[in-house]
Amino acid sequence: METQLVVERLTEAVEVLRQVETNLRTSSDEVWHTRRPDGRKVRVLIRASIISLGEIDTVKQEFSADVWLAAWYKEPLLKGKKHREEVDWDDQWHPRIVLFNAVSVDKHEKKHHLILEEGDDVPIVQQSNRIKATFKEPMELFDFPFDHQELTIQLMSDWPTSQVEFAKNMGIKDTIRTDTFTGSHEWELYGHLLCKPAITGQHQSTSHQRYALYNITAHVQRKMGFYVWNIAFIMFLIMALSFTAFSVPPNEPADRLSVTLTLLLTSVAFKFVVTQSLPTISYLTLLDKYVLLCMIFQCLMAVQNALASIMSNAWLFDVISMGVLAGVVFFTHLVFGVLMFIKIRGTNKQLRQADKEYLNLCENIDRFYKRTKCTISGFTDEEVEAIVGQTELAGVENSKQMEIDETKTA
């Protein structure tokens, strides 16, 4: 009996100790990150490839993408290691890269590789990420539906800029596949991918420290045909039908106003259709302005119908009103046509410039690879200058060649 009592007491003591340990234990999801023991600032090279760009939701201002991201950084603490199996990656320092503007992440696969370059005893760590996620993107809709959007995936390091900085891997091109774009019925996706490092602003950080950012930007341009033919053109027809009110005698204002107000209510219904295609924004888009101007014109037509019934010479008033209103319609559409031409031309110029910038960089990277057979470059400013500086050199050579060609032609 005494032995059994001692065993029960010991069992109770063990349970109490286990409970105390559970209460003092930190959460299993809590991860502590330690700074580098050498205290040096690490430059992390990034390469992005958008495998598939999904649907772009204008109302929610979101887009989905399937992305492959790779990060390279030199790790002196792994000297002597030759294979990735020799390293316990959970215990190693890493740049703590997060998706800064991700709304949800459906899939994230991460792998580590160890790269040894000839003539350098410091190994390079490659962190490969396959990510499928939905990203938030504030859209500028002033020119809707003649707008273009910058779809940006933002990477951020949880280490401050005193410890980590981002840079582009100048040894390999960033790519985006246009053939897998699922929103091609509404958008035109351009084949360039602009990647640039940045730093968080004061409004983006909850502390006094700054953090490294890396922006991966693709450009899309909205195909305006649906909105032009199904909304703008229909609104124009409704507005043009307002002139049929002049076929009703001016001494019958009730019949005239019934025609005009019925068309005005139809325009209001179309305004709700436009609203459903846009998020709740505090400014007017180009299509909003056109629809509202059509409705204002119909209101002017209703005022004219009411005034015609009290005029002594209603026929002359109708003729003058018809001419003035027709002139207003012509002038308004002329102004809108000029504005659309200017905006489309400016957008195309901007996108051509982005294309040119991307193609020049790709040519320099290809030229560098043919010369060195190296796919990892950019750890120092000298390495970057050796590749980017070729743009100016190539531009000078092209200018000289053009002058020679012009001289020969002359």
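Below, the structure is looked at part by part.

What counts and what doesn't
- Residues numbered from 1 in each chain as written.
- Predicted model: local features only at pLDDT ≥ 70, side-chain atom pairs only at ≥ 80, totals over all residues.
- Heavy atoms only, no water.
- Helix = DSSP H or I, 4+ residues; strand = E, 2+ residues; numbered from the N terminus.
- Buried < 20%, exposed > 50% of the residue type's maximum accessible area, 1.4 Å probe, protein only.
- Contact = heavy atoms within 4.5 Å.
- Areas by Shrake-Rupley, 256 points an atom, 1.4 Å probe, with all protein chains shown as cover.
- Phe/Tyr/Trp six-rings, centres within 6.5 Å; stacked < 30°, edge-to-face > 60°.
- Lys NZ or Arg CZ within 6 Å of the ring centre and 35° of its normal.
- Salt bridge = Lys/Arg side-chain N within 4 Å of Asp/Glu carboxyl O.
- Axes fitted to C-alpha atoms, helices over the stretch in contact; angles between N-to-C directions.
- Parallel < 35°, antiparallel > 145°, perpendicular 65-115°, else oblique.
- Nonpolar A, V, L, I, M, F, W, Y, C, P; charged D, E, K, R; others polar.
- Patch = residues over 30% accessible without salt bridge, like charges linked within 9 Å, V, L, I, M, F, W, Y side chains within 5 Å.
- Lys, Arg positive; Asp, Glu negative; His and termini not counted.
- Charge placed at Lys NZ, Arg CZ, Asp CG, Glu CD.
- Pairing = 2+ DSSP bridges.
- Core = buried A, V, L, I, M, F, W, Y, C linked by side-chain atoms within 4.5 Å.
- Expected span 1.5 Å × (residues − 1).

A count of helical and extended segments in the chain gives 7 helices and 10 strands. Here the chain holds 410 residues, and 38% of them are scored as buried. Taking the intrachain contacts of the chain between residues at least 6 apart in sequence as the baseline, contacts between residues at least 24 apart amount to 76%. Accessible area of the chain: about 24000 Å², with a carbon and sulfur share of 59%.

With that settled, consider the packing of aromatic side chains. Across all of its chains, the model carries 11 aromatic pairs by this definition. Residues Tyr290 and Phe336 carry aromatic rings whose centres are separated by 5.5 Å and whose planes lie at 80 degrees to one another, so their mutual orientation is edge-to-face. With Tyr290 in helix H4 (residues 286–308) and Phe336 in helix H5 (residues 314–372), this residue pair connects regions lying 46 residues apart in the sequence. Classification of Tyr290 as buried rests on a relative accessible area of 10%. Residue Phe336 is classed as buried on the basis of its relative accessible area, which comes to 10%. Pairwise contacts between aromatic rings join Tyr73, Trp93 and Trp159 into one cluster. Above the face of the Trp159 ring, Arg96 is positioned so that its terminal group lies 4.5 Å from the ring centre.

What follows covers the pattern of salt bridges. When the charged atoms of two side chains lie near each other, side chains of opposite charge can form a pair. Here the structure, examined in full by the defined rule, presents 17 salt bridges. For Glu62, the salt bridge goes to Lys136, with nearest N and O atoms at 4.0 Å. On the criterion of sequence distance, the pair formed by Glu62 in strand E2 (residues 62–74) and Lys136 in strand E5 (residues 124–136) is long-range, its members being 74 residues apart. Its relative accessible area of 38% is what places Lys136 among the partly exposed residues. Lys168 is paired through a salt bridge with Asp174; the nearest N and O atoms lie 2.7 Å apart. There is no split in this pair, since Lys168 and Asp174 are both buried. Each of the salt bridges in this network shares a partner with another, and the network as a whole consists of Arg43, Glu165 and Asp381.

Let us now look at the packing of H4 against H5. Where H4 contacts H5, the axes come no closer than 11 Å and their chain directions differ by 175 degrees. Overall, the two elements H4 and H5 adopt an arrangement that is roughly antiparallel. Of the residues in H5, those touching H4 at Leu286, Lys289, Tyr290, Leu293, Phe297, Leu300, Met301, Gln304, Leu307 and Ala308 are Ala314, Phe317, Asp318, Ser321, Leu325, Val329, Thr332, His333, Phe336, Met340 and Lys343. Per-class residue counts for the contact of H4 with H5 are 14 nonpolar, 4 polar and 3 charged.

Taken together, Arg367, Lys370, Arg371 and Lys373 make up a surface patch of like positive charges. For Arg367, the location among the structural elements is in helix H5. Given a relative accessible area of 36%, Arg367 falls into the partly exposed group.

A word on the sheet that holds strand E3 (residues 97–99). Sheets are built from strands that pair by backbone hydrogen bonding, the pairs being arranged parallel or antiparallel. Spatially, the 4 strands line up as an open sheet ordered E3-E6-E10-E9, and their pairing is antiparallel. What marks the edges here is a single partner per strand, and that holds for E3 and strand E9 (187–199). Recorded for the sheet is a direction-independent mean angle of 20 degrees between the axes of neighbouring strands. Strand direction decides the pairing type here: E3 and strand E6 (residues 148–160), joined by 3 bridges, are antiparallel. Considered in E6, the bridge of Val98 is made with Met156. The strands touched by H5 are E6, E9 and strand E10 (211–222); relative to E9, the strand with the most contacts, the crossing angle is about 65 degrees.

A separate point is the packing of helix H3 (residues 253–276) against H4. Running from amino to carboxyl end, H3 crosses H4 at an angle of 170 degrees, the nearest separation of the two axes being 9 Å. Here H3 lies roughly antiparallel to H4, going by the angle between them. Of the residues contributing to the contact of H3 with H4, the split by class is 16 nonpolar, 5 polar and 3 charged.

Attention shifts here to unusual backbone geometry. Note that the residue after Phe144, namely Pro145, is joined by a cis bond; omega there is 5 degrees. Of note, Gln61 is a non-glycine position whose phi angle comes to about 55 degrees, a positive value. Relative to the helices and strands, Gln61 resides in the loop between strand E1 (42–57) and E2. According to the relative accessible area criterion, Gln61 is buried, its value standing at 18%. A positive phi angle, close to 60 degrees, is found at Lys373, a residue other than glycine.

For soluble globular proteins, the rule of thumb is that nonpolar side chains tend to be buried together. Counting 68 residues, the largest nonpolar core has Leu53, Ile153, Leu193 and Ile216 as its most contacted members. The biggest single contributor to this core is H4, with 8 residues. Other than its neighbours up to four places away in sequence, Leu193 contacts Ala48, Ile50, Asp174, Thr175, Ile176, Ile216, Thr217, Ala218 and Tyr358. In terms of nonpolar packing, the next biggest core, distinct from the first, is built from 7 residues, Leu45, Trp72, Ile376 and Phe379 among them.

A few words on H3. In a regular helix each residue adds 1.5 Å, so 24 residues correspond to 34 Å; H3 covers 35 Å between its end C-alpha atoms and thus fits that length. Among all positions of H3, only Arg256, Thr260, Leu263, Leu264, Ser267, Lys271 and Val274 are buried. Structurally, H3 contributes buried residues whose contacts are with helix H2 (225–241), H4 and H5.

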